[in-house]
Amino acid sequence: MPTDGEVQPRKPVYSTIDTPEAFAALVIEMRRQKQISIDTETTHIWPRWAEIVGISLSWNEQQAYYLPVRGPEGSRLLDPQETLDALRPVLEDPAIGKLGQNLKYDRIVLRNAGIELAGTPF
């Protein structure tokens, strides 16, 4: 329990974005950011052989988003090509910085999917 005057830290919110409406709203919010953290979830450890299963995104410590594009039959998924097409203007915008734990891998995976990741610090 916090004592008087002590601020209780907020718990991070992790959201799966698996409807076209939620995804459209997320893309609008992404365009407003100065920097985005990105991570791809894939089918293979070698980036040139990998297909994208999902994409994780965040731009603050309190929220993160997961975009599933492949999964078990019956899963709610976003259309893979429509998702990449909608993300392309943001991910290729050099004015929006991109960060990631394994960004070189993600850059190759995205390039293979037709996206030239821009705004990276290397």
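Cut-offs applied
- Residues numbered from 1 in each chain as written.
- Predicted model: local features only at pLDDT ≥ 70, side-chain atom pairs only at ≥ 80, totals over all residues.
- Heavy atoms only, no water.
- Helix = DSSP H or I, 4+ residues; strand = E, 2+ residues; numbered from the N terminus.
- Buried < 20%, exposed > 50% of the residue type's maximum accessible area, 1.4 Å probe, protein only.
- Areas by Shrake-Rupley, 256 points an atom, 1.4 Å probe, with all protein chains shown as cover.
- Lys, Arg positive; Asp, Glu negative; His and termini not counted.
- Charge placed at Lys NZ, Arg CZ, Asp CG, Glu CD.
- Arc of directions from axis to C-beta.
- Pairing = 2+ DSSP bridges.
- Core = buried A, V, L, I, M, F, W, Y, C linked by side-chain atoms within 4.5 Å.
- Contact = heavy atoms within 4.5 Å.
- Phe/Tyr/Trp six-rings, centres within 6.5 Å; stacked < 30°, edge-to-face > 60°.
- Axes fitted to C-alpha atoms, helices over the stretch in contact; angles between N-to-C directions.

Considerations on the overall build of the protein chain
Moving on, step 1. Secondary structure assignment for the protein chain yields 3 helices and 5 strands.
Moving on, step 2. Ordered by position in the sequence, the α and β elements of the protein chain form the string β-α-β-β-β-α-β-α.
Moving on, step 3. The burial tally for the protein chain puts 34% of its 122 residues in the buried class.
Moving on, step 4. Total accessible area computed for the protein chain in this model is approximately 7,800 Å², and 53% of it derives from carbon and sulfur atoms.
Moving on, step 5. Distance between charge centres in the protein chain, computed from 13 positive and 17 negative side chains, equals 6 Å.

Things to note about helix 3 (residues 103–112)
Moving on, step 1. Along helix 3, the positions that sit buried rather than exposed are Leu103, Tyr105, Asp106, Val109 and Leu110. For helix 3, the buried positions fall inside an angular range of 150° around the axis, keeping them on one side.
Moving on, step 2. Looking at the residues trailing helix 3, positive phi occurs at Gly114, about 95°.

Some remarks on the pairing of strand 2 (residues 35–42)
Moving on, step 1. Where strand 2 lies against strand 5 (residues 97–99), 3 bridges are found, and the strand directions are parallel. Bridge pairing in strand 5 links Gln35 to Gly97.
Moving on, step 2. Where strand 2 and strand 3 (residues 52–60) come together, 6 bridges link them in antiparallel fashion. Pairing of Thr42 across the sheet is with Ile52, part of strand 3.

What about the nonpolar core?
Grouped burial of nonpolar side chains is what soluble globular proteins tend to show.
Moving on, step 1. Leu26, Met30, Ile55, Leu57, Leu67, Leu87 and Leu110 are the most contacted members of the largest nonpolar core, which totals 27 residues.
Moving on, step 2. For this core, the secondary structure elements donating two or more residues are helix 1 (20–31), strand 2, strand 3, strand 4 (63–68), helix 2 (80–91) and helix 3.
Moving on, step 3. Filtering out sequence-adjacent residues up to four positions away, Leu87 remains in contact with Phe23, Val27, Met30, Ile55 and Leu67.

Quick notes on the environment of Gln81
Moving on, step 1. Within the secondary structure, Gln81 is located in helix 2.
Moving on, step 2. For the pair Gln81 and Ile45, spaced 36 residues apart in sequence, the C-alpha to C-alpha distance is 21 Å.

Thoughts on the side chain of Ser58
Moving on, step 1. The residue Ser58 is located in strand 3 in this model.
Moving on, step 2. Residues within four places of Ser58 in sequence aside, it is in contact with Ile36, Ser37, Gln63 and Ala64.

Quick notes on the packing of aromatic side chains
Moving on, step 1. Enumeration according to the criterion identifies 2 aromatic pairs in this entry.
Moving on, step 2. Between the aromatic rings of Trp46 and Trp49, the centroid separation amounts to 4.7 Å while the plane-to-plane angle is 65°, which identifies the pairing as edge-to-face.

A closer look at the sheet that holds strand 4
Moving on, step 1. Spatial strand order, 1-4-3-2-5: 5 strands in an open sheet with mixed pairing. The open sheet terminates on both sides in strands that have one partner only, identified here as strand 1 (13–16) and strand 5. Between one strand axis and the next, the sheet turns by 25° as a mean value, whatever way the strands run.
Moving on, step 2. In terms of strand pairing, strand 1 meets strand 4 through 4 bridges, oriented parallel. Residue pairing across strands places Thr16 opposite Tyr66, the latter belonging to strand 4.
Moving on, step 3. In the packing of helix 2 onto the sheet, contacts are made with strand 2, strand 3, strand 4 and strand 5, and the angle to strand 3 comes to roughly 35°.
Moving on, step 4. Packed onto the sheet, helix 3 meets strand 2, strand 3 and strand 5 and runs at close to 70° relative to strand 2.

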